[in-house]
Amino acid sequence: MILADFKDFPSQGRLLGIDWGARRIGVAISDADQGFVFARERIENKPWSRIGVSAVADLISAENIAGIVIGLPLRMDGSESETTMAVRNFARELTTYTNLPIVFVEENLTSFEAGDSMVGLKRGKINENIDSQSAKVILENAIALMKRNFS
């Protein structure tokens, strides 16, 4: 179920953060207390197929996830783009695999923040890990927002 905000989102349990991309899906998972977030190996995605969404559904089952946070890419003026619509479609498809609560958070500039956190890695390693590092930033930002507004 897609929620409008964090009001009814789980404040305990492992959370999954997602940075959706047409070719790669970055993923990160929190611990059960939502105090730490760990980037996981990215998931390969193929546009117009269910490969990515089914792989995410498998991860949800394997990791005992309680809630899902998906980064929502908006234009700098706050309007939606084709990519925004693709992310919303991905979330709707995900609801056919799970009834866990899903919340969107604005993700603008998370790739830059993720890149900054990866200082010291070689360029190839940064490109390989940037999607899941972005998912980690998305999930960390969401947890901070929840604690600030709903605790």
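Before any of the text, the structure's been laid out above.
Sequence order sets the numbering: in each chain, residues are counted from 1 along the sequence as written. Owing to the predicted nature of the model, reporting of local features is limited to residues with pLDDT of at least 70; listing and counting of side-chain atom pairs is limited to 80 or more, with chain, interface and lining totals taken over all residues. With hydrogens and water excluded, all non-hydrogen atoms of the structure serve as input to the side-chain values.

Undergrad: Is there a simple way to think about the overall build of the protein chain in this case?
TA: Helices and strands together make up the secondary structure of the protein chain, namely four helices and six strands. Strands here are runs of E lasting at least two residues and helices are runs of H or I lasting at least four, both read from the DSSP assignment and numbered beginning at the N terminus. Reading the protein chain from its N terminus to its C terminus gives the helix and strand order β-β-β-β-α-β-α-β-α-α. Within the protein chain, buried positions represent 46% of all 151 residues. When contacts within the protein chain are restricted to residue pairs at least 6 apart in sequence, long-range pairs at least 24 apart make up 64% of them. A total of about 8400 Å² of accessible surface is found on the protein chain, and carbon and sulfur atoms cover 51% of it. Only protein chains enter the area calculation, which uses a 1.4 Å probe; residues under 20% of their type maximum are buried, those over 50% are exposed, and those in between are partly exposed. Should any heavy atoms of two residues lie within 4.5 Å, those residues are considered in contact. Note on areas: these come from Shrake-Rupley sampling with a 1.4 Å probe, and a residue is covered only by the protein chains present in the view.

Undergrad: Help me understand the pairing of strand 5 (residues 65–72) in this model?
TA: For a regular strand, side-chain orientation follows a simple rule: the groups alternate between the two sheet faces. With seven of eight residues buried, strand 5 is to be regarded as a mostly interior element. Strand pairing is assigned whenever DSSP detects at least two bridges linking the two strands. Pairing between strand 1 (residues 14–19) and strand 5: five bridges, direction parallel. Residue pairing across strands places L16 opposite I68, the latter belonging to strand 5. Strand direction decides the pairing type here: strand 5 and strand 6 (residues 102–106), joined by five bridges, are parallel. Across the sheet, the residue bridging to I68 is I102, located in strand 6. Here, the term right-handed applies to a crossover whose path from the first strand over the helix to the second runs clockwise when the strands point away from the viewer. With helix 2 (residues 82–94) bridging strand 5 and its parallel neighbour strand 6, the resulting β-α-β unit is right-handed.

Undergrad: Help me out: how do you make sense of the side chain of E107 in this one?
TA: Within the element layout of this structure, E107 appears in the loop between strand 6 and helix 3 (110–117). Excluding anything up to four places from it in sequence, E107 contacts D19, G71, L72, P73 and I138.

Undergrad: Where do I start with the nonpolar core in this structure?
TA: The tendency in soluble globular proteins is for nonpolar side chains to be buried as a group. The criterion is simple. A nonpolar core is a set of buried Ala, Val, Leu, Ile, Met, Phe, Trp, Tyr and Cys residues joined through side-chain atoms within 4.5 Å. Residues L16, I18, V56, I68, I70, F90 and L94 are the most contacted members of the largest nonpolar core, which totals 23 residues. Contributing elements (two or more residues each) for this core: strand 1, strand 2 (24–30), helix 1 (51–63), strand 5, helix 2 and strand 6. Residues within four places of L16 in sequence aside, it is in contact with V27, A28, I29, V56, L59, I60, I65, G67, I68, V69 and L139. Counting residues in each nonpolar core, the second largest holds 15 residues, with A28, V37, V103 and V105 among its members.

Undergrad: Got a minute to help me understand helix 1 in this structure?
TA: The α-helix advances 3.6 residues per turn, and as a result positions three or four apart in sequence lie on the same side. Multiply 1.5 Å by the residue count of a helix minus one, and that product is the helix's expected span. The end-to-end C-alpha separation of helix 1 is 18 Å, in line with the 18 Å expected for 13 residues at 1.5 Å each. Residues of helix 1 that are buried in the fold lie against strand 1, strand 2, strand 4 (43–44), strand 5 and helix 2. Among the residues trailing helix 1, N64 stands out with phi positive, at a value near 55 degrees.

Undergrad: Hey, could you run me through unusual backbone geometry in this one?
TA: Note: most peptide bonds trans; most residues except glycine with negative phi. In this model, Q34 sits at a positive phi of 60 degrees, which is unusual for a non-glycine residue. Classification of Q34 as buried rests on a relative accessible area of 3%. Within the chain, N64 stands out as a residue other than glycine whose phi angle is a positive 55 degrees. Looking at where N64 falls in the secondary structure, it is placed in the loop between helix 1 and strand 5.

Undergrad: Got a minute to help me understand the pairing of strand 2 in this structure?
TA: Counted residue by residue, strand 2 has six buried out of seven residues, so it is predominantly covered. Hairpin geometry of strand 1 and strand 2 is characterised by an intervening segment of four residues between the two adjacent antiparallel strands. The pairing of strand 2 with strand 4 spans two bridges and is classified as antiparallel. Pairing of I25 across the sheet is with I43, part of strand 4. Connecting strand 2 to the next strand, strand 3 (residues 37–39), in antiparallel fashion are six residues, including Q34 with a positive phi near 60 degrees.

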